[in-house]
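Residue-level structure breakdown
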Amino acid sequence: MPATEETDMSFQAYLDNIETKTGKTPRELLGLAAARGLDTPGVKAGAIVDWLKADFDLGRGHAMALVHVIKNGPKIPGKHVGTTGTHRDGSDTLWLDGKATRPA
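This is a predicted model, so every value here is computed, not measured.

Here the focus is the environment of Glu19. With respect to the helices and strands, the residue Glu19 is situated in helix α1 (residues 11–22). Distance from Glu19 to Gly98, taken between C-alpha atoms, is 7.2 Å for residues 79 residues apart in sequence. Here Glu19 is in contact with Lys24, Thr25, Pro26, Gly98 and Lys99, once residues within four sequence places are set aside.

Moving on, we get to the pattern of salt bridges. Evaluation of the coordinates by the stated rule reveals 6 salt bridges. Salt-bridge contacts for Lys21 lead to Asp57; the nearest nitrogen and oxygen are separated by 3.9 Å. Here Lys21 is found in helix α1, whereas its partner Asp57 is found in the loop between α3 (45–56) and α4 (60–72), with 36 residues between them in sequence. Taking the relative accessible area as the measure of exposure, Asp57 reaches 42% and is therefore partly exposed. Taking the shortest distance from any N to any O, the salt bridge between Asp97 and Arg27 comes out at 2.4 Å. Of the two residues, Asp97 is situated in the segment after α4 and Arg27 in helix α2 (residues 26–35); the sequence distance between them amounts to 70 residues. Taking relative accessible area as the criterion, Asp97 reaches 32% and is therefore assigned partly exposed.

The next point concerns α2. Three or four residues apart is the spacing at which side chains of an α-helix point the same way, because the helix has 3.6 residues per turn. Among the residues making up α2, those that are buried are Pro26, Leu29 and Ala33. Here the buried residues of α2 occupy an arc of 55° about the axis, which is enough to place them on one side. Where α2 is buried, its residues meet α1, α3 and α4.

Helix length check: α3, at 12 residues, gives a terminal C-alpha distance of 16 Å against a target of 16 Å (1.5 Å per residue), a fit within 8%. Of the surrounding secondary structure, the elements contacted by the buried residues of α3 are α1, α2 and α4. Within two residues after α3, Asp57 carries a phi angle of roughly 55°, on the positive side.

Attention now moves to the packing of α1 against α4. Orientation of α1 relative to α4, taken along the N-to-C sense of each, is 105°, at an axis distance of 9 Å. The angle between α1 and α4 falls in the class roughly perpendicular. Residues Phe11, Tyr14, Leu15, Asn17 and Ile18 of α1 form the contact with α4, whose own contacting residues are Gly61, His62, Ala65, Leu66, His68 and Val69. Residue composition of the contact of α1 with α4, by class: 7 nonpolar, 4 polar and no charged.

Here is what the cut-offs are and how they apply
Residues numbered from 1 in each chain as written. Predicted model: local features only at pLDDT ≥ 70, side-chain atom pairs only at ≥ 80, totals over all residues. Heavy atoms only, no water. Helix = DSSP H or I, 4+ residues; strand = E, 2+ residues; numbered from the N terminus. Contact = heavy atoms within 4.5 Å. Salt bridge = Lys/Arg side-chain N within 4 Å of Asp/Glu carboxyl O. Buried < 20%, exposed > 50% of the residue type's maximum accessible area, 1.4 Å probe, protein only. Arc of directions from axis to C-beta. Expected span 1.5 Å × (residues − 1). Axes fitted to C-alpha atoms, helices over the stretch in contact; angles between N-to-C directions. Parallel < 35°, antiparallel > 145°, perpendicular 65-115°, else oblique. Nonpolar A, V, L, I, M, F, W, Y, C, P; charged D, E, K, R; others polar.

Below is the structure:
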């Protein structure tokens, strides 16, 4: 499958694509979620997915990547780090401040 399909992207690539589509960094979206009260413990993922679809036309896969960040912060499970499989990443910490400012 090509890397552009949702089934074969790193976690960071999901966030980068969200930024491309929305024009907002993940950190900016976290702020918007907080302003709507979507970052509180009792909020269900579906409410966040619905908001991201309505306001930014994000699909479920991309929205769920942001749900993870809203609910758990920028850390991801180590099982995705340094692997060659689906959702692989080079680090266990996601960059939230935009593609243009990510360290090399």
